[in-house]
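Coordinate inspection notes
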Amino acid sequence: MTKKHISRGRHVGLLLTVVDIDQGIERDGPNAGRSAVYIHLAGCQLDCWYCETANQSGDVRALTSIIVEVNNMRGRTQIGDKPLCVLTGGEPMKQKVGPLVETLLGHGWMVQLETNGEEWVDLPDSEDLDIICSPKSDHVHTFVKSRATCWRYMIREADEYERRDGLPVCNTQKIDGSRVAVAKPTRGRPVWLQPVTEDGSTDKNTRATKSRAMEYGYRYAGPRMLERGRVTDRLLD
């Protein structure tokens, strides 16, 4: 396949760069506790200081091959009438994922897309699509704000937080003492708090997150785990 074909395929969403595809149990958001197939997409425009996936490369894959692999996992992830597929990253909306989402929905999947909210691509308007916004800066795209099913914030015990709402004061792009704001959630949408996985501090971060969730009435998501060199949001066996 030539560079020209790859570029054109990426532009229309028929080719995507995928780190891997695996299975697990979703740990937070509207589908918490459900078995799922995870599509880990490569690339992110941000540089969170704790992120383990920012520089991960992947393989360029045709949309059709991704769908075939995901559908072959359907039998092990069937919940009720529809199985669940989670698009995560990196940042899924750095790529043209609209055709992937639409095709998955057409094959009877429920889709959960996890995003930092800075980017937007055209997505189907479907009750079977959940968008989870986990802001890492002070900017969230207008369409993400209006479409987000719920919001998720990463909590670190050492960081300051707003006393009025319990959410972090600063974003995840700097740890040099500067206080750059992080975007606030859409009013009325559920908010999840998740501890940062950090060498020597994960337990402290977990305790702080649980305490904050109880004090402010937010929902708690357990710490992410390190698997095969990658921090993952999914529950492991």
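Located above this text is the structure these notes cover.
In this report, we go over the structure that sits alongside the text. (Residues numbered from 1 in each chain as written. Predicted model: local features only at pLDDT ≥ 70, side-chain atom pairs only at ≥ 80, totals over all residues. Heavy atoms only, no water.)

**As for the packing of aromatic side chains**
Selection rule: Any Phe, Tyr or Trp ring, taking Trp's six-membered ring, that has another such ring centre within 6.5 Å forms a pair; planes under 30 degrees apart are called stacked, those over 60 apart edge-to-face, and the others tilted. The classification of residues rests on relative accessible area computed with a 1.4 Å probe and restricted to protein chains. Under 20% of the type maximum is buried, over 50% is exposed, and intermediate values are partly exposed. In this scheme, the term charge over a ring applies when either NZ of a lysine or CZ of an arginine sits within 6 Å of the ring centre and within 35 degrees of the ring normal.
Taken as a whole and judged by the stated rule, the model has two aromatic pairs. Taking the centre distance of 6.3 Å and the plane angle of 15° together, the rings of Tyr-216 and Tyr-218 count as stacked. What makes Tyr-216 partly exposed here is its relative accessible area of 21%. Taking NZ or CZ as reference, Arg-163 lies 4.2 Å from the ring centre of Tyr-161, over its face. Positioned over the ring face of Tyr-161 is Arg-212, at 3.7 Å from the centre of the ring.

**A word on the pattern of salt bridges**
When charged atoms on two side chains of opposite charge get close, those side chains can pair. Cut-off, in case you're wondering: By salt bridge we mean one thing: a side-chain nitrogen of Lys or Arg within 4 Å of a carboxyl oxygen of Asp or Glu. Elements are defined by DSSP. Helices are runs of H or I of four residues or more, strands are runs of E of two residues or more, and each kind is numbered from the N terminus.
A full pass over the atoms with the stated rule returns eight salt bridges. Of the charged contacts in the structure, one is a salt bridge between Glu-114 and Arg-152, with a shortest N-O distance of 3.9 Å. On the criterion of sequence distance, the pair formed by Glu-114 in strand 5 (residues 110-115) and Arg-152 in strand 7 (residues 150-155) is long-range, its members being 38 residues apart. On the basis of relative accessible area, Arg-152 is assigned to the buried category, the value being 6%. A salt bridge links Glu-198 to Arg-156; the shortest N-O distance between them is 3.2 Å. With Glu-198 in the loop between strand 8 (191-195) and helix 5 (202-216) and Arg-156 in the loop between strand 7 and strand 8, this pair connects stretches of sequence that are 42 residues apart. Several salt bridges converge on common partners, so that one network encompasses Asp-28, Glu-114 and Arg-152.

**Quick look at the packing of helix 2 (residues 63-72) against helix 3 (residues 98-106)**
Applicable threshold: Axes, fitted as lines to C-alpha atoms, cover a helix only where it is in contact. Angles between the N-to-C directions of the axes lie from 0 to 180 degrees. For any pair of crossing helices, the crossing counts as left-handed if the nearer helix is rotated counterclockwise from the farther one by less than a right angle, and right-handed if it is rotated clockwise. In this description, contact between two residues means that some pair of their heavy atoms is separated by no more than 4.5 Å. Residue polarity is assigned by list, with Asp, Glu, Lys and Arg as charged and Ala, Val, Leu, Ile, Met, Phe, Trp, Tyr, Cys and Pro as nonpolar; anything else, Gly included, falls into the polar class.
With their axes 11 Å apart at the nearest point, helix 2 and helix 3 run at an angle of 35° to one another. Our pair here, helix 2 against helix 3, has a crossing hand that is right-handed. Side by side, helix 2 and helix 3 meet where Leu-63, Ile-66, Ile-67 and Val-70 of the first sit next to Pro-99, Leu-100, Thr-103 and Leu-104 of the second. Taken together, the residues of the contact of helix 2 with helix 3 sort by class into seven nonpolar, one polar and no charged.

**Here's the deal with the environment of Gln-95**
Note that Gln-95 resides in the loop between strand 4 (84-88) and helix 3. For Gln-95, a relative accessible area of 11% gives the class buried. It is 9.2 Å that separates the C-alpha atoms of Gln-95 and Leu-15, two residues lying 80 residues apart in sequence. If near-sequence neighbours (up to four positions away) are discounted, Gln-95 is found in contact with Leu-16, Thr-17, Leu-41, Ala-42 and Val-121.

**Some words on the state of the cysteines**
Keep this limit in mind: The term disulfide is used for any two cysteine sulfur atoms that are within 2.5 Å.
This model, assessed by the stated rule, comprises zero disulfides. Here Cys-133 stays unpaired: no disulfide links it, and the sulfur of Cys-150, its closest cysteine neighbor, is 9.3 Å away.

**Let's talk about the nonpolar core**
Across soluble globular proteins, nonpolar side chains have a tendency to be buried as a group. Note the cut-off: The set of buried Ala, Val, Leu, Ile, Met, Phe, Trp, Tyr and Cys residues whose side-chain atoms join them within 4.5 Å is what this entry labels a nonpolar core.
Of all hydrophobic cores here, the largest spans 40 residues; its most connected members are Ile-39, Val-70, Leu-87, Leu-100, Leu-104 and Leu-123. What Leu-104 contacts, discounting residues up to four positions off in sequence, is Ile-39, Ile-67, Val-70, Cys-85, Leu-87, Trp-109 and Val-111.

**Brief notes about the side chain of His-40**
Structurally, the position occupied by His-40 is in strand 2 (residues 35-41). Classification of His-40 as buried rests on a relative accessible area of 4%.

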